[in-house]
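Fold and contact review
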Amino acid sequence: MKSMDLNALYSFCEMVRAGSLTKAAQKLGLSAPTLSRHLAQLEEEVGHKLVHRHAKQFKLTVDGERYYNTLSDDFSQLQEQLSALNDRADVLSGSIRVSCPESMAIDYMHGWALEFMSQHPQVDIQIKFAISDQYFVEDQLDLSLVVVPPTQPSLVQRKLLDTQMCVAAAPSYLAAKGRPEVPAQLQEFDLLTSDPQKAWAFLQQGARFEFFPTPRYSINSIRMVVDAAIRGMGIMYGPLFYMQQPLREGRLEQILPDYETEMRHVFMIYADRRLMPTRVRAFKSFLEEKVSALGSDEGFVP
């Protein structure tokens, strides 16, 4: 049997991972016409059409799925083995792809990444904003800190921290609009949220009350929600660690302290593979140390 072109097979796997020929070409540093020729040659060699290609669609055929499912993990493991061979214990090098929520990146991950790169000048780090593991595989991430419980069974998850939810508003808002005495009254006020599809939940003496807010202002950034609350725009419900400093400084005031709110969690997730590159393993340990050092003063429960 004639041997196949490994470059063409690898390019095919990258096309599927990227979801388009153009994106794969950018990642591989090749032109889209060159990749298209590689795919055509590969299909001729295997004697099967592997991909349905249209203007806005890139879909595997049944044979394409069979080839991809067989080859993809092998190429990923080969890449990791080569990375492990290239990594030396005393000199870490190469790329690390990480994701975390935007607010966590600004407050913590950004500084941690710069510190790690200062310690290891041959390592480069790429950070993406994400709150869940939805695009972990698609974005080819190495590690991710998420606040939405992981859903992909192929990924390893480790709970790092807990944080209590908190209801708060600016003293100026409470002075102008009054103060709710029970959670049910919150719906009569101006509400601020980063996710209207998440319920605000409370417990008192074993009884649970929750509702989905109809916000006056919604923005997909908890930092911006905190800023809106500080500016007196309404009442917010969010993780305590984002609100701890303005609460200490008196710019925010906690509301309904007699009602227990739910606990939210921070998870670290990564691929379940034996050969995690040395640089990724080192950064994982570095992050675990940094996270474990975050204490109750910042609103965390290790």
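Now for a quick tour of the structure.

Conventions used here
- Residues numbered from 1 in each chain as written.
- Predicted model: local features only at pLDDT ≥ 70, side-chain atom pairs only at ≥ 80, totals over all residues.
- Heavy atoms only, no water.
- Helix = DSSP H or I, 4+ residues; strand = E, 2+ residues; numbered from the N terminus.
- Contact = heavy atoms within 4.5 Å.
- Areas by Shrake-Rupley, 256 points an atom, 1.4 Å probe, with all protein chains shown as cover.
- Phe/Tyr/Trp six-rings, centres within 6.5 Å; stacked < 30°, edge-to-face > 60°.
- Buried < 20%, exposed > 50% of the residue type's maximum accessible area, 1.4 Å probe, protein only.
- Pairing = 2+ DSSP bridges.
- Salt bridge = Lys/Arg side-chain N within 4 Å of Asp/Glu carboxyl O.
- Axes fitted to C-alpha atoms, helices over the stretch in contact; angles between N-to-C directions.
- Parallel < 35°, antiparallel > 145°, perpendicular 65-115°, else oblique.
- Left-handed = near helix turned anticlockwise from the far one by under 90°.

1. Some points on the overall build of the chain
- A tally of regular secondary structure across the chain gives 9 helices and 14 strands.
- When contacts within the chain are restricted to residue pairs at least 6 apart in sequence, long-range pairs at least 24 apart make up 69% of them.
- When the accessible surface of the chain is totalled, it reaches about 16,600 Å², and 49% of it is carbon and sulfur.

2. Let's talk about the packing of aromatic side chains
- Here the structure, examined in full by the defined rule, presents 9 aromatic pairs.
- Judged by centre distance (5.7 Å) and plane angle (50 degrees), the rings of W200 and F211 are tilted. In this pair, W200 sits in strand 8 (residues 200-204) while F211 sits in strand 9 (residues 207-211), placing the two residues 11 residues apart along the sequence.
- Assessed through its relative accessible area of 6%, F211 is described here as buried.

3. What about the pairing of strand 8?
- As judged from the 5 bridges shared by strand 8 and strand 9, these two strands associate in the antiparallel manner. Looking at the pairing, L203 lines up with R208 of strand 9.
- Counting the residues that bridge the hairpin from strand 8 to strand 9 gives 2 residues, and of these Q205 lies at a positive phi of roughly 50 degrees.
- One ladder, built from 2 bridges, connects strand 8 with strand 13 (residues 260-261); its direction is antiparallel. Counterpart to L203 in the pairing with strand 13 is E260.

4. A word on the pairing of strand 14 (residues 263-271)
- The pairing of strand 5 (residues 143-146) with strand 14 spans 3 bridges and is classified as antiparallel. Considered in strand 14, the bridge of V146 is made with F267.
- Bridge analysis of strand 6 (residues 155-169) against strand 14 gives 9 bridges, and the strand direction is antiparallel. If you follow R158 over to strand 14, its bridge partner there is M268.

5. Concerning the environment of F211
- C-alpha of F211 to C-alpha of A201: the two residues are 10 residues apart in sequence and 6.8 Å apart in space.
- With residues near it in sequence (within four places) discarded, F211 still touches P183, L186, Q187, L191, A199, W200 and F202.

6. Topic: the sheet that holds strand 9
- Taken together, 3 strands build an open sheet; the order of strands is 9-8-13 and the sheet is antiparallel. The open sheet has two free edges, formed respectively by strand 9 and strand 13, since each of these has just one partner strand.

7. Concerning the pattern of salt bridges
- What the rule picks out here adds up to 13 salt bridges.
- Of the charged contacts, one joins D139 and K128 as a salt bridge, the two residues approaching to 3.6 Å between their closest N and O atoms. Residue D139 is located in the loop between strand 4 (123-129) and strand 5, and its partner K128 is located in strand 4; the two are separated by 11 residues in the primary sequence.
- On the basis of relative accessibility, which here comes to 25%, the residue D139 falls in the partly exposed class.
- When its relative accessible area of 40% is taken as the criterion, K128 is described as partly exposed.
- In this structure, R251 engages E249 in a salt bridge whose closest nitrogen and oxygen atoms are separated by 2.7 Å.

8. A short note on helix 8 (residues 240-248)
- Taken as a whole, helix 8 has its buried residues at L240, F241, Y242, M243, Q244 and P246.
- Of the residues one or two after helix 8, G250 is the one with positive phi, at around 85 degrees.

9. Quick word on the side chain of T193
- You can see T193 is positioned in strand 7 (residues 191-193).
- Apart from residues no more than four positions distant in its own chain, T193 is found in contact with W200, P213, P215, Y217, S218, I219 and V225.

10. Concerning the packing of helix 1 (residues 6-18) against helix 2 (residues 21-28)
- Between helix 1 and helix 2, the least distance of the axes is 8 Å, while the angle of their chain directions is 120 degrees. Classed by the angle they form, the pair helix 1 and helix 2 counts as oblique. As for how helix 1 packs across helix 2, the hand of that crossing is right-handed. When helix 1 is examined against helix 2, the residues Y10, S11, E14, M15 and A18 are found in contact with a partner set consisting of L21, K23, A24, K27 and L28.

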